[in-house]
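# Chain and residue survey
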Amino acid sequence: MKVLLPASLRSSAKRNSITINFSVLETLLRECRSLEQFSQLHSHMIVSGFINDIYAASRLLKFSTSTHIVGVDYSRSILNQIENPSGFIWNTMMRAYVGNNSPQETIFLYKAMLKENYAPDIYTFPIVVQACSLRFSVEEGGQIHNHALRMGFDSDVYVQNTLINMYAVCRRLTDARQIFSSGRVLDSVSWNSILAGYVQAGDVEEAMKIYCTMPEPNIITSNSMIVLFGRSGRVGDACRVFNEMIHKDFVSWSAMISCYEQNEMFRDALTIFTHMNVEGVDMDEIVMISVLSACSHLLVIKEGNIVHGLIIRLGFESYVNLQNALIHMYASYGDITAAQKIFGKSRHLDEVSWNSMITGYLKCGLLEDAKGLFDAMPKKDVVSWSAMISGYAQLDRFSETLALFHEMLLTETKPDEITLVSVITACTHLFALEQGKWMHAYIRKNCVKINVILGTTLVDMYMKCGCVENALEVFKGMEEKGVSTWNATIVGLAMNGFVKESLEVFSDMKKCGVEPNDITFVGVLGACRHVGLVNEGLQHFDSMKHIYNIEPNVKHYGCMVDLLGRAGLLREAEELIGRMPMKPDVATWGALLGACKKFGDSEMGVRVGRRLIELEPQHDGFHVLLANIYASKGRWDDATEIWGMMKQNRIKKTPGCSMIEVEGVVHEFTAGDRTHPLTEDIDNMLIEIAQRLKMAGYEPRIDEVAFDIEKEEKETNLNRHSERLAIAFGLISTSPPMPIRILKNLRICIDCHTAAKFISRTFGREIVVRDRHRFHYFKDGLCSCADYW
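Quick caveat: nothing in here was measured; it's all calculated off a predicted structure. (Residues numbered from 1 in each chain as written. Predicted model: local features only at pLDDT ≥ 70, side-chain atom pairs only at ≥ 80, totals over all residues. Heavy atoms only, no water.)

## Focus on the overall build of the protein chain
What counts here: Runs of H or I in DSSP of at least four residues are treated as helices and runs of E of at least two as strands, each being numbered from the N terminus. Only the C-alpha atoms count toward the radius of gyration. The rule for a globule is 2.2 Å times the residue count to the power 0.38. Accessibility here uses a 1.4 Å probe with only protein chains present; expressed as a share of the type maximum, an area under 20% marks a residue as buried, one over 50% as exposed, and anything in between as partly exposed.
Counting its secondary structure elements, the protein chain contains 43 helices and six strands. The C-alpha radius of gyration of the protein chain comes to 38 Å, more than 25% above the 28 Å expected for a compact globule of 789 residues. Along the first, second and third principal axes, the C-alpha atoms of the protein chain reach 125 × 60 × 55 Å. In the protein chain, buried positions account for 51% of the 789 residues.

Right under this line is the structure:
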């Protein structure tokens with residue numbers, strides 16, 4: 001056997017043997033440069049019998065476990081060849097497994113050691129307990145603890161410290177505290193370990209008690225407290241600890257910057273970063289990422305450019321995490337060119353890089369660029385899909401939102417909460433109830449936890465699709481409800497005509513100790529206006545300021561003007577506008593104009609209408625309302641003048657548009673539409689509807705629409721309003737008892753409202769129409785709004 005010994009020792013080598021003493025062994029180990037050399041030395045020790053010397057064997061194993069040229073499995077084979085290994089040898093091998101991140105092997109070896117009747121020593125227990133910590137195995141750790149107790153090693157400070165750390169890591173802080181409190185000798189590691197346990201658990205109060213009783217708090221413990229206070233939102237306490245520190249290291253400054261950034265105190269984060277730079281403290285990429293985040297939130301272009309320059313000077317520009325943060329920062333500024341430049345120059349792109357760039361495009365409204373980049377991604381994760389799906393939803397591309405979501409499911413990528421919220425929101429806007437129900441079923445099937453945001457979105461979807469029972473089921477089943485959840489329920493019930501129930505939920509909200517906000521009162525006042533509860537509305541309006549310290553805003557005043565106007569109290573409504581502490585918006589004046597039209601007050605209507613046209617000269621609805629007021633009083637010249645103004649100023653009336661979902665597909669109709677594939681069948685159904693309605697005594701209200709749909713009237717007639725087309729399609733595409741559910745973008749006109757009541761009776765079908773203001777449930781010739789809308 002050829003032994004690859006150093007040249008100085010080769011002359012004394014003999015075939016299959018060489019005389020090696022301890023001095024020679026140490027020399028040979030020091031000069032080992034390869035696994036082949038080590039293997040030859042190992043083999044020679046076996047042949048010569050030198051492996052049976054405990055000291056020699058321990059030196060060989062110590063070397064093998066501490067060098068990168070020998071694997072841990074090879075080291076274990078050495079242990080297996082030693083006849084009577086010492087405690088040092090067992091400990092060396094167990095420590096090697098811990099260092100190799102193989103804690104399970106450490107436990108196996110410890111059990112083998114006990115099985116062969118070798119007694120662990122005081123150095124064994126810290127190693128094995130550390131292995132239990134790495135495995136988060138408190139049961140095994142407890143058994144090791146009992147072994148240490150029986151052998152009397154539990155009072156050793158090193159054993160105590162590893163036990164404290166093990167119990168703390170496994171979230172058994174009561175056990176960790178008991179060992180800490182019973183320790184006769186505590187060193188800095190003991191204090192740091194117990195404090196780290198409470199910091200990791202987020203227990204601020206206990207951590208403070210430990211910190212305040214420490215003999216000498218060091219930099220490590222102070223830094224830990226800054227981190228804990230930052231995570232807990234106790235910025236003032238973090239500042240106090242930071243300012244009281246005599247010596248600060250890089251981690252101290254970094255923790256303080258992160259504390260400010262986490263708590264959205266971005267200006268303070270930049271300030272302390274400046275001080276850190278002045279003090280000459282070294283920077284790292286984590287600090288830079290926090291600072292770039294602060295610049296992004298503050299939209300401070302100058303400071304962001306300075307930080308970017310500093311990153312380049314420090315040589316960090318190639319760090320992918322910093323590149324991603326820079327892409328996000330420039331996209332937040334709207335400087336998509338700068339973001340593209342960084343993305344294009346990057347040599348090391350990860351998924352975050354692509355996602356950051358896609359998000360940047362979407363933030364700047366560049367949907368097609370985002371989609372192009374998304375399609376080119378080598379690998380898409382849930383963040384990529386979620387960003388694109390949310391982008392479509394935020395840009396009102398709801399059909400594409402649903403299509404992309406179904407494409408995502410084909411890749412077996414599981415959607416996150418953001419994705420689900422975006423898709424359900426799209427279902428809401430499309431009035432796609434069946435797809436919304438499918439989404440809810442998907443959530444239940446996949447055991448997705450319905451939190452406040454997701455639950456509120458489901459409640460809103462069901463309410464806006466007219467499924468009050470389903471909405472209330474979700475609402476009642478939610479473990480945690482936010483103010484937004486209560487608001488969605490209050491507004492939804494009122495919109496669906498359940499005003500009494502809406503106000504009852506408001507009462508329950510207060511009983512549950514949930515403080516209403518300004519949005520809550522928009523819903524409550526809206527409920528009152530749907531049925532004309534003037535006195536109750538006034539009481540709620542007054543309670544805002546006097547009971548809840550909420551200053552009414554323009555929306556609340558608009559609700560009250562609408563409430564008074566719908567009740568025919570036009571003078572009171574106009575007086576309330578005059579008392580508004582802010583400038584009335586066009587919606588408030590518009591509510592009064594609508595009331596003037598409803599109650600035939602042409603004098604006030606003309607005055608308000610003229611003012612509105614001056615305030616909003618391009619608003620089609622105000623021109624139409626004023627023209628109709630003139631027409632209703634026979635003032636055709638004035639009506640023609642208004643209509644002429646619209647033509648002259650190229651003001652186009654918003655076309656009526658109605659949507660209906662059938663078998664998961666949303667069909668859209670515009671007034672006078674003839675583009676649907678089933679147009680011929682729809683026409684035949686419209687003829688049948690007209691015949692049946694005429695026999696039932698229905699008379700078209702031509703006077704109400706003389707100017708309202710002037711363009712439609714030239715092309716067709718009342719029979720081809722968008723909701724009529726949707727109803728006709730619903731009659732030929734669905735069967736009883738399924739309701740015909742329709743979403744219209746405008747307020748349903750008087751004639752269509754009357755026709756829908758007749759259709760519900762003559763065809764025996766329930767018709768649900770959600771217009772711009774509320775739901776109308778038509779059944780047996782009646783409407784849920786009681787003609788009050």
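## Let's talk about the UniProt feature "repeat: PPR" (unreviewed entry) in the protein chain
The criterion, for reference: UniProt positions are given in the numbering used here, feature names are shortened, and annotations may be inferred rather than shown by experiment.
The UniProt record annotates "repeat: PPR" (unreviewed entry) at residues 86-120, 187-221, 249-283, 350-384 and 482-516. Counted over residues 187-221, helix gives 77% and strand 0%. Its end C-alpha atoms are 13 Å apart. Secondary structure within residues 350-384 divides into 74% helix and 0% strand; the distance between the first and last C-alpha atoms comes to 12 Å.

## Describing the confidence of the model for the protein chain
Do not read the predicted coordinates in detail wherever pLDDT is low. Convention followed: A residue's pLDDT is the predictor's confidence in that residue, given on a scale from 0 to 100. We call two residues in contact when some of their heavy atoms are within 4.5 Å.
Overall, the predicted model of the protein chain reaches an average pLDDT of 90, with 95% of residues at or above 70. Low pLDDT, under 50, characterises residues 1-18; the stretch is placed with 26 contacts to residues that sit more than four places away or in other chains. Between residues 705-716, whose pLDDT stays under 50, and residues either more than four places distant or in other chains, the model counts 24 contacts.

## Quick word on the packing of aromatic side chains
Working definition: an aromatic ring pair is given by the centre-to-centre distance plus the angle between the planes. Worth spelling out the cut-off: Paired rings are identified among Phe, Tyr and Trp, the last through its six-membered ring, by centres lying within 6.5 Å, and are further divided according to the angle between planes into stacked (under 30 degrees), edge-to-face (over 60) and tilted (the rest). Only when the NZ of Lys or the CZ of Arg is both within 6 Å of the ring centre and within 35 degrees of the ring normal is a charge said to sit over the ring.
Scanning all chains against the criterion turns up 22 aromatic pairs. Ring centres 6.5 Å apart and planes at 75° place the aromatic pair Phe 405 and Trp 438 in the edge-to-face group. Residue Phe 405 is located in helix H25 (residues 398-410), and its partner Trp 438 is located in helix H27 (residues 433-445); the two are separated by 33 residues in the primary sequence. Phe 405 sits in the buried class, given a relative accessible area of 0%. Judged by its relative accessible area of 40%, Trp 438 falls in the partly exposed class. These aromatic residues form a ring-pair network of at least three members: Phe 38, Phe 63 and Tyr 74. The ring of Phe 475 carries the charged tip of Lys 481 above its face, separated from the ring centre by 5.1 Å.

## Concerning helix H29 (residues 468-477)
Defined as follows: Think of it as the arc spanned by the lines of direction from the helix axis to the C-beta atoms.
Where H29 is concerned, the buried positions are Val 468, Ala 471, Val 474 and Phe 475. Buried residues of H29, viewed axially, fall in a sector of 125°; they line one side. Away from the buried face of H29 by more than 90 degrees, exposed residues Glu 469, Glu 473, Lys 476 and Gly 477 are located. The secondary structure elements touched by the buried residues of H29 are H27, helix H28 (452-464), helix H30 (483-495), helix H31 (499-511) and strand S5 (775-779).

## Some details on the environment of Val 662
With respect to the helices and strands, Val 662 occurs in strand S1 (residues 657-662). On the basis of relative accessibility, which here comes to 10%, the residue Val 662 falls in the buried class. Separated by 544 residues in sequence, Val 662 and Tyr 118 place their C-alpha atoms 77 Å apart. If we skip the residues at most four places from it in the chain, Val 662 touches His 667, Phe 729, Ser 733 and Thr 734.

## Some details on the pairing of strand S4 (residues 767-770)
Operational definition: By definition, two strands form a pair when at least two bridges between them are found by DSSP. We call a crossover right-handed when, viewed with both strands directed away from the observer, the connection leading from the first strand over the helix to the second proceeds clockwise.
Here S4 shows two buried faces, one formed by Ile 767 and Val 769 and the other by Val 768 and Arg 770. Note: strand S3 (residues 740-744) against S4, four bridges, orientation parallel. The residue bridging Ile 740 from the neighbouring strand is Ile 767, located in S4. Assessed by its sense of winding, the connection that carries the chain from S3 through helix H43 (residues 750-762) to S4 is right-handed. Connecting the antiparallel pair S4 and S5 is a turn made up of four residues.

## Observations concerning the packing of helix H36 (residues 586-599) against helix H38 (residues 620-632)
Just so we agree on the cut-off: With axes taken as lines fitted to C-alpha atoms, and helix axes fitted only over the stretch in contact, angles between N-to-C directions fall between 0 and 180 degrees. Note on terminology: angles under 35 degrees are roughly parallel, angles over 145 are roughly antiparallel, angles of 65 to 115 are roughly perpendicular, and the others are oblique. By convention, the crossing between two helices is left-handed when the near helix turns anticlockwise from the far helix through less than a right angle, and right-handed when the turn is clockwise. For this classification, the nonpolar set comprises Ala, Val, Leu, Ile, Met, Phe, Trp, Tyr, Cys and Pro, the charged set comprises Asp, Glu, Lys and Arg, and every other residue, Gly included, is treated as polar.
One can describe the packing of H36 onto H38 by two numbers: an axis separation of 10 Å at closest approach and a directional angle of 25°. The orientation of H36 with respect to H38, classified from their angle, is roughly parallel. H36 and H38 meet at a crossing whose hand is left-handed. Contacts between H36 and H38 pair Val 586, Gly 590, Leu 593, Gly 594 and Lys 597 from the former with Phe 622, Leu 625, Asn 628 and Ile 629 from the latter. Within the contact of H36 with H38, the residues separate by chemical class into five nonpolar, three polar and one charged.

## Notes on unusual backbone geometry
For the bond running from Pro 736 to Pro 737, omega is 5°, close enough to zero to count as cis. Tracing the backbone shows Pro 737 in the loop between helix H42 (722-733) and S3. Of note in this structure, Asn 117 is not a glycine but carries a positive phi near 65°. Relative to the helices and strands, Asn 117 resides in the loop between helix H7 (103-115) and helix H8 (124-135). You will see that Glu 264, though not glycine, has its phi angle at about 60°, which is positive. Mapped onto the secondary structure, Glu 264 falls in the loop between helix H16 (250-262) and helix H17 (266-278). Accessibility expressed as a relative area gives 61% for Glu 264, which makes it exposed.

## A word on the side chain of Arg 765
Test applied: In this tally, Lys and Arg are treated as positive and Asp and Glu as negative; His is ignored, and so are the chain termini. Salt bridges are defined by distance alone: a side-chain nitrogen of Lys or Arg within 4 Å of a carboxyl oxygen of Asp or Glu.
Take Arg 765: it is sitting in the loop between H43 and S4. Despite its burial, Arg 765 pairs with no opposite charge; the closest candidate is Glu 766, at 8.4 Å N-O. Once residues within four sequence positions are removed from consideration, Arg 765 is found in contact with Gly 730, Leu 731, Thr 734, Ser 735, Pro 736, Met 738, Ile 740, Ser 760 and Phe 778.

## What to know about the sheet that holds strand S6 (residues 782-783)
On the basis of which strands lie adjacent, the open sheet formed by six strands has the order S2-S1-S3-S4-S5-S6 and mixed pairing. The open sheet terminates on both sides in strands that have one partner only, identified here as strand S2 (665-670) and S6. In terms of strand pairing, S5 meets S6 through two bridges, oriented antiparallel. In the strand pairing of S6, Phe 778 is matched with Cys 783.

## Some words on the environment of Phe 374
The topology assignment puts Phe 374 in helix H23 (residues 367-376). A C-alpha to C-alpha distance of 8.4 Å links Phe 374 and Trp 385, two positions eleven residues apart in sequence. For Phe 374, the contacting residues outside a window of four places in its chain are Ile 358, Lys 380, Ser 384, Trp 385, Met 388 and Leu 404.

## Concerning the side chain of Ser 254
When you line up the elements, Ser 254 lands in helix H16. Excluding anything up to four places from it in sequence, Ser 254 contacts Ile 286 and Val 287.

## Side note on the pattern of salt bridges
Overall, the coordinates contain 29 salt bridges when judged by the stated rule. Notably, a salt bridge pairs Asp 751 with Arg 724, separated by 2.4 Å at the nearest N-O pair. Note that Asp 751 is positioned in helix H43 and Arg 724 in helix H42, a separation of 27 residues in sequence. In this structure, a network of salt bridges that share partners links the residues Glu 205, Arg 234, Asp 237, Arg 240 and Glu 244.

## Remarks on the nonpolar core
What counts is decided by this rule: Definition of nonpolar core: a set of buried residues of the types Ala, Val, Leu, Ile, Met, Phe, Trp, Tyr and Cys, connected through side-chain atoms within 4.5 Å.
Met 256, Phe 273, Met 288, Ile 358, Met 388 and Leu 592 are the most contacted members of the largest nonpolar core, which totals 213 residues. Non-local contacts of Ile 358, meaning those with residues more than four positions away in its chain, are made with Ala 370, Leu 373, Phe 374, Met 377, Ala 387 and Met 388. By size, the runner-up hydrophobic cluster in this structure holds 31 residues, among which are Leu 686, Ile 748, Ala 756 and Cys 783.

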